[in-house]
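Below, each chain spelled out in residue letters.
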Amino acid sequence: MGFDGIVLHSVIYELSGLITGGRVEKIYQPGPNEVVLLIHSGGEHYRLSLSADPAAAGIHLTRSKKENPSLPPPFCMVLRKYLSGSRVASVSQQGFDRVAFIEFETKNEMGDNETKRLILEIMNRQSNIILVNSAGVIHDAIRHADSSVNRFREIMPARPYAPPPSQDKLSPAGISAAAVSERLFPGSDTASRSVLNAFYGFSPLLCDSICLKAGIPPKTPLGGLHAEEREALCAQIEKVGAEIAGNDYRPAILLSGSDFHCLRVCAEMNGPVKPFGTVNMAADTFFSEKDRQASFEREKSKVMRAVAGNIDKLSEKIAEYRRELDGAEGFERQRQIGELLTASLYMLPETADTVTVTDYYTEGSPELTVELDGSKTVAANAQLYFKKYRKHKATCENVDRMLKKALPELDYLESVASMLKNASTVEEVRDIRAEMIDEGFYGDNAGGRGSGSGSGEAAVKGKRQPGKADKSDGQPWSATMGGKPASKKTLRERAGAAKAGKKNSSKGTGSGSDHSGSSLLSRDDSAATNTGASRPLVRTTPDGLRVMIGRNSRQNEKLTLRDSAPEDLWFHVKNAPGSHVILKLKESGVNTPGDSDLLFAAGLAAYYSSQRTGTKVDVDYTTVKNVKKIPGGRPGMVNYFAFKTITVVPEDPEERS
């Protein structure tokens, strides 16, 4: 819900004491529905965000610095024309409706004083930001609405501004329990709905919280309440009204981050995720997280579409290759027929439509009737069979070669899809996108290399008995990783680094912004400096051993082949795409890990794979020295051998806590 009339009232109460009298220094429009005013007031710079986005409409101070378009939109140019250099005269609200007014004192071209009013209407899909002059005539709006959209209220330049129609409701500020009872009873609707229809500024969240605080289920019919319940409901509304009248706010993010409010009753009945000192701080944190999550989902979906498109194209190619192989089957028989015709020339006529020869290639040597081209000699027909044989043989060899290239490519792409599905930060998505671009699967270079397609899972090949080391044959299993083949020098450097006790950084960094603002909006301690790249995840086993988890193919390769000691343990989900997980033994001086450590690391390998939703997942593990890069393979492709298999439940304690 976000902004109801009460939250808007609390935000305006805070803004009035901070930006009134301030000067508008800069105006931006970072998005199609958002305007940001940089206001200097009382020695501080404030970023005031006004949004008409249907999913995030509201007004609040913000720390976020968003990227602005190179060419300012028309509405931004109008605001700059009329409001640049102006002073904020007042910030107000229309009763407890979700309509905010900011008045500015400015001068016109002649140097005369003028008043402009910026109006924010928070009305879901009809939310709008409107600039009007002192006569109430609209200069412009961020969203136009002519008579074809709204025949009662036109929001167009040069039209008179008409406020939204008023409703027959009561102001909640300072209302008495007697007045509440007189308005509510008798009534036939549910308790929550009756409160919603009776008071300005109340939202369903607030009404449900008031009912719950009074000990009444929100959907209870109002007419079915006992006298004690009625009194409790009226008393609770009176208490809320007193808090509103006294500007006694307790802002907090609620409902596991899905909503926020400024009244303590909402926090008490819905469980605050985090309390805040000001409503502006709560609103900024809430909407910044929503914007971050929306941006993350958009970026992730864009890359996922590219990956899925490449997978579809490559799957079609593989299906076509297999159809061609099926159609070319039996080419060896054509060579045999050519041999039989050549061996029997001495006893066959020079030309014929059919001939009968003895089939020495079939058990029992039966007689075989062969169809011939009567316009050519039998010898020429034999050469035709040899020609067909050579053609089909070449086709099969070429198609088989392309198929062998395409299958690992498909493995690679499926691994990328798995990594992308499990990605939880923008940095992880951007790393995967960069890898896709370098590998030729994204943008103008899409199409891959070699066979023209890509691949990328930790695909495992072969058959072994779970729990037994692979010692019986020399064929290793394979899994995808990412990066360049590890040279002997790299292996020596890796071993030397392990002996020297070198360690990776403990955790990846998140994204953050350089915020300017006031003491009202302090920096979020959780914000980290963005290095532009994600790093492996780090977890700690019950016995204190470090576990490293790769989050993309290149990271997997670097983690396994360069940053791990040969004695460390390597984990990977069996026969499926997933991250590479390293249990660091060398740095802790541990030779044999405990069962709890093995289960912990294997659970992480299962969780960070395509089998995350499974209940029991097989995970292979072996020492790092038994993991080898596939020469010339895509990022993420390795062979591993002498492994064991363990069955675990996918779990990351930190992700699920």
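To be clear, the structure that these remarks concern was listed above.
Rules behind the numbers
Residues numbered from 1 in each chain as written. Predicted model: local features only at pLDDT ≥ 70, side-chain atom pairs only at ≥ 80, totals over all residues. Heavy atoms only, no water. Helix = DSSP H or I, 4+ residues; strand = E, 2+ residues; numbered from the N terminus. Pairing = 2+ DSSP bridges. Axes fitted to C-alpha atoms, helices over the stretch in contact; angles between N-to-C directions. Contact = heavy atoms within 4.5 Å. Salt bridge = Lys/Arg side-chain N within 4 Å of Asp/Glu carboxyl O. Buried < 20%, exposed > 50% of the residue type's maximum accessible area, 1.4 Å probe, protein only. Phe/Tyr/Trp six-rings, centres within 6.5 Å; stacked < 30°, edge-to-face > 60°. Lys NZ or Arg CZ within 6 Å of the ring centre and 35° of its normal. Parallel < 35°, antiparallel > 145°, perpendicular 65-115°, else oblique. Left-handed = near helix turned anticlockwise from the far one by under 90°. Nonpolar A, V, L, I, M, F, W, Y, C, P; charged D, E, K, R; others polar.

Here Glu 651 shows up in the loop between strand S23 (644-648) and helix H15 (653-656). Along the primary structure Glu 651 and Leu 599 are separated by 52 residues, whereas in three dimensions their C-alpha atoms are 9.9 Å apart.

Taken together, the six strands give an open sheet; going across it, the order is S16-S17-S19-S18-S20-S23, and neighbouring strands pair in antiparallel fashion. With partners counted over all chains shown, the strands left at the sheet margins are strand S16 (537-540) and S23, one partner each. Averaged over all pairs of adjacent strands, the angle between their axes in this sheet comes to 25 degrees, without regard to strand direction. As defined by bridge partners, strand S20 (residues 617-623) adjoins S23 across five bridges and the pair is classed as antiparallel. Bridge pairing in S23 links Val 619 to Ile 646. Here helix H13 (residues 553-562) sits on the sheet in contact with strand S17 (546-549), strand S18 (569-573) and strand S19 (581-583), set at roughly 145 degrees to S17. Contacting S16, S17, S18, S19, S20 and S23, helix H14 (residues 595-607) runs over the sheet at an angle of about 40 degrees to S18.

Strand order in the open sheet made by the three strands is S11-S10-S12, with antiparallel pairing throughout. Of all strands in the sheet, those bounded by a partner on one side alone are strand S11 (259-261) and strand S12 (272-275). Geometrically, the sheet is characterised by an average inter-axis angle of 25 degrees between neighbouring strands, direction not taken into account.

Under the defined criterion, the tally for this structure stands at 30 salt bridges. Across the pair Lys 584 and Asp 568 runs a salt bridge, and its minimum N-O distance is 3.7 Å. Pair noted here: Lys 584 is in the loop between S19 and H14 and Asp 568 is in the loop between H13 and S18, with a separation of 16 residues, a long-range link. By relative accessible area, which is 5% here, Lys 584 ends up buried. Residue classification places Asp 568 among the buried positions, given a relative accessible area of 2%.

Let's shift gears to the packing of aromatic side chains. One pass over the full model with this rule turns up eleven aromatic pairs. Summarising the aromatic geometry, the rings of Phe 3 and Phe 287 are spaced 5.8 Å apart at their centres and angled 20 degrees between planes, so their arrangement reads as stacked. Pair noted here: Phe 3 is in the segment before helix H1 (5-19) and Phe 287 is in helix H8 (residues 279-327), with a separation of 284 residues, a long-range link. Neither residue differs from the other here; Phe 3 and Phe 287 are each classed as buried. Taking the centre distance of 5.1 Å and the plane angle of 80 degrees together, the rings of Phe 286 and Phe 287 count as edge-to-face. Just as Phe 286 is buried, Phe 287 falls in that class too. Through pairs of rings, three or more aromatic residues link up here, namely Phe 3, Phe 260, Phe 286 and Phe 287. The ring of Tyr 385 carries the charged tip of Lys 388 above its face, separated from the ring centre by 5.5 Å. In this structure, Arg 612 is placed above the aromatic ring of Tyr 608, and the distance from its NZ or CZ to the ring centre is 5.3 Å.

Contact geometry for helix H9 (residues 331-343) and helix H10 (residues 378-422): axes closest at 8 Å, N-to-C directions at 160 degrees. With respect to H10, the element H9 is oriented roughly antiparallel. By crossing handedness, the relation of H9 to H10 is classed as left-handed. Contacts between H9 and H10 involve Phe 331, Glu 332, Gln 334, Arg 335, Ile 337, Gly 338, Glu 339, Leu 341 and Thr 342 from the former and Val 378, Asn 381, Ala 382, Tyr 385, Phe 386, Lys 388, Tyr 389, His 392, Lys 393 and Cys 396 from the latter.

Attention shifts here to the packing of helix H5 (residues 204-213) against helix H6 (residues 227-245). Relative to each other, H5 and H6 sit at 125 degrees, their axes nearing to 9 Å. Of the possible angle classes, the one that applies to H5 and H6 is oblique. H5 and H6 meet at a crossing whose hand is right-handed. Together, Ile 210, Cys 211 and Lys 213 of H5 and Leu 233, Gln 236, Ile 237 and Val 240 of H6 make up the contact between the two elements. By residue class, the composition of the contact of H5 with H6 is five nonpolar, one polar and one charged.

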